[in-house]
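# Working through the structure, step by step
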Amino acid sequence: MSEKFDVIVVGAGPAGTACAYICAKNGLKVLQIERGEYPGSKNVMGGVLYRKQMEEIIPDFWKEAPIERPIIEQRMMMLEKESAVTLGYKGLEWGQEPYNNFTILRAKFDQWFADKGVEEGVLLINETVVTECLVEDGKVVGVRTDRPDGDVYADVVVLADGVNSLLAKQLGFHRELRPEEVALTVMEVINLPKDTINARFNIHDNQGCTIEFFGEATKGNIGTAFLYTNKDSVNIGVGTTLSSMIQAKLKPYELLDQLKNHPIVQPYLEGGESQEYLAHLIPEGGYHAIPKVVGNGVLVVGDAAQFVNSIHREGSNMAMASGKLAAETIIDAKAKGDFSESSLNQYQMSLNNSFIMKDLEKYKDATHTFEHYPEYFKDYLPFMNKAVGQFLTVDGTPKKDKQKEIVRELKAKKGTIRVLKDVYRVWKAVR
Ligand SMILES: Cc1cc2nc3c(=O)[nH]c(=O)nc-3n(C[C@H](O)[C@H](O)[C@H](O)COP(=O)(O)OP(=O)(O)OC[C@H]3O[C@@H](n4cnc5c(N)ncnc54)[C@H](O)[C@@H]3O)c2cc1C
């Protein structure tokens with residue numbers, strides 16, 4: 001493989017494929033290298049794909065992409081041992097074009113998306129690991145792979161190798177991730193007949209529902225769990241930051257087992273057959289954990305750049321959007337014939353003007369706040385469950401007395417000043 005390419009993209013997740021597809025569509029010679037047997041074979045996602053960013057790459061993609069269900073309902077459940085406070089939105093308009101978002105299975109979707117790149121001329125090589133970036137005179141000039149004679153050269157290398165980007169670390173762009181900056185998430189795909197899913201989630205064939213769980217789902221630790229509907233399976237998963245796992249001595253598979261057996265969750269899954277068990281890290285460090293993303297002859301995109309908004313569980317869309325911005329920068333750099341860091345810095349500027357940096361900056365202190373003040377998950381969620389339960393129980397007590405009792409309990413537990421401080425802190429972190 002001594003041929004030279006315009007672009008080498010490492011990784012065939014949504015970030016890498018978005019970049020490879022756009023570059024090839026614009027006439028560049030693109031090599032994409034994926035370590036998995038095929039794109040998606042190693043990739044894990046709860047399963048919500050956002051329409052907007054994908055549509056900006058392939059218009060009307062849903063007409064041919066292997067999507068599972070358009071999501072028409074999103075619920076949030078604050079779980080306690082035997083209760084849940086539920087918030088949600090159901091919008092029938094989301095069940096029609098142009099849709100809002102979809103559930104997908106990554107093994108199918110990533111393969112389809114990468115094939116679209118191949119149709120545009122991307123040379124995709126699977127089952128090949130990029131072991132290092134080749135650097136000459138301070139410029140990345142290609143990559144070394146684990147194939148015999150596996151050095152390949154290009155004007156630009158795009159690192160789309162996921163959350164624990166060994167290649168970005170090798171270049172000194174990335175420091176070691178801290179345990180509080182990543183969540184370890186385990187999930188299972190459980191087969192269920194389509195009609196059973198429809199009945200249990202109160203939806204029709206071409207409608208999907210997502211449920212996010214907090215509180216008891218992670219044993220009061222920072223983190224979330226999810227249950228998403230596919231066509232004839234559901235995805236259920238749970239994750240907490242690595243630091244919480246270590247501190248609380250949690251075992252991920254035990255957390256998932258407990259969630260599946262929770263009396264409010266179990267009826268959704270009854271009679272289902274486990275099809276697949278997966279585990280993966282999610283970047284949760286947000287704005288403060290973003291590494292250097294531009295160098296001489298190199299760009300970093302997607303999870304490798306830590307572009308995940310964990311508050312809104314957006315990752316795949318940030319991956320695609322950053323892949324697209326990287327591609328646009330490379331196309332302009334090719335026209336100028338300049339792949340230096342200052343030329344490629346256009347990518348950084350585009351990122352700064354995009355929703356990616358704006359959203360990550362908005363929530364820059366959110367994960368850290370919840371990590372440092374565990375009472376939000378440990379104390380407030382159980383209290384909210386109890387308060388709502390008490391308030392809605394009809395036992396002859398006047399509502400005003402109930403209200404007073406709830407406020408009295410909260411004051412006794414926390415004190416007024418403390419509650420006000422806690423509310424202010426959260427408002428500050430997410431405002
Ligand atoms: C359990 C879970 C649930 C999630 N739920 C959602 C959700 O509902 N919605 C959402 O938008 N986001 C979700 N995310 C986040 C989302 O999955 C990621 O943000 C997204 O996949 C990032 O895409 P990426 O292309 O940057 O990285 P990845 O998808 O991780 O792709 C990286 C690719 O690079 C390949 N690779 C790595 N190293 C090498 C190497 N050295 N050589 C060759 N190939 C290499 C890998 O095999 C992989 O194919 C979830 C993540 C997890 C773990």
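Because the structure is a prediction, the values reported are computed rather than measured.

### Re the overall build of the protein
Looking only at helices and strands, one finds 16 helices and 17 strands in the protein. Relative to the compact-globule value of 22 Å for 431 residues, the protein shows a C-alpha radius of gyration of 23 Å, a close match. Judged by the C-alpha coordinates and their principal axes, the protein covers about 80 × 50 × 35 Å. Evaluated residue by residue, the protein yields a buried proportion of 54% over its 431 residues.

### Structural notes on a nonpolar patch on the surface
Together, Val388, Phe391 and Leu392 make up an exposed nonpolar region whose accessible area comes to about 260 Å². Mapping leucine 392 onto the fold places it in helix H14 (residues 375-392).

### Considering the packing of helix H1 (residues 14-25) against helix H9 (residues 316-336)
At a minimum axis separation of 7 Å, H1 and H9 run at an interaxial angle of 30 degrees. H9 is crossed by H1, and the crossing has right-handed handedness. Facing Pro14, Ala15, Ala18, Cys19, Ile22 and Cys23 of H1, the residues of H9 in contact are Ser316, Ala319, Met320, Gly323, Lys324, Ala326, Ala327, Ile330 and Ile331.

### Some thoughts on the site of the ligand
Near the ligand lie 35 residues; those nearest to it are Glu34, Gly46, Arg106, Asp303 and Ser316. In the environment of the ligand, an oxygen atom lies 2.7 Å from a nitrogen or oxygen atom belonging to the side chain of aspartate 303. Contact between the ligand and glycine 315: an oxygen atom at 3.1 Å from a main-chain N or O atom of the residue. Alone, the ligand offers 1,000 Å² of accessible surface; in the complex the protein occludes 95% of this. Only H1, strand S3 (48-50), strand S15 (273-283) and H9 provide two or more residues apiece to the shell around the ligand. For the shell around the ligand, the leading source of residues is S15, giving three residues. For the shell around the ligand, a count of residues per class yields 17 nonpolar, 12 polar and six charged.

### Side note on the domain arrangement of the protein
Here the protein is partitioned into domain 1 (4-66 + 105-175 + 291-353), domain 2 (179-283) and domain 3 (367-430). Of note, the centres of domain 1 and domain 2, computed from C-alpha atoms alone, are 29 Å apart. Taken together, the 13 residues of domain 1 in the interface contact 15 residues of domain 2. Interface of domain 1 and domain 2: buried area, both sides summed, is about 1,200 Å²; carbon and sulfur atoms make up 64% of it. Looking at the side of domain 1 facing domain 2, the largest losses of area belong to Val44, Gly46 and Val163, adding up to 40% of the total buried there. Counting across the domain 1 and domain 2 interface gives two salt bridges.

### Some points on the nonpolar core
Within soluble globular proteins, side chains that are nonpolar tend to cluster in buried spots. In terms of nonpolar packing, the biggest core is built from 74 residues, with Phe61, Phe307 and Tyr347 touching the most fellow members. The greatest single-element share of this core, amounting to nine residues, is contributed by H9. Counting residues in hydrophobic clusters, the runner-up holds 27 residues, among them Leu79, Leu192, Ala225 and Leu255.

Quick notes on the rules
- Residues numbered from 1 in each chain as written.
- Predicted model: local features only at pLDDT ≥ 70, side-chain atom pairs only at ≥ 80, totals over all residues.
- Heavy atoms only, no water.
- Helix = DSSP H or I, 4+ residues; strand = E, 2+ residues; numbered from the N terminus.
- Rg over C-alpha atoms; globule rule 2.2 N^0.38 Å.
- Buried < 20%, exposed > 50% of the residue type's maximum accessible area, 1.4 Å probe, protein only.
- Patch = residues over 30% accessible without salt bridge, like charges linked within 9 Å, V, L, I, M, F, W, Y side chains within 5 Å.
- Areas by Shrake-Rupley, 256 points an atom, 1.4 Å probe, with all protein chains shown as cover.
- Salt bridge = Lys/Arg side-chain N within 4 Å of Asp/Glu carboxyl O.
- Axes fitted to C-alpha atoms, helices over the stretch in contact; angles between N-to-C directions.
- Left-handed = near helix turned anticlockwise from the far one by under 90°.
- Contact = heavy atoms within 4.5 Å.
- Near = heavy atom within 4 Å.
- Polar contact = N/O pair within 3.5 Å; in protein donor to acceptor, adjacent residues only side chain to side chain.
- Nonpolar A, V, L, I, M, F, W, Y, C, P; charged D, E, K, R; others polar.
- Domains from an automatic or database assignment.
- Buried area = accessible area lost by both parts, 1.4 Å probe.
- Core = buried A, V, L, I, M, F, W, Y, C linked by side-chain atoms within 4.5 Å.

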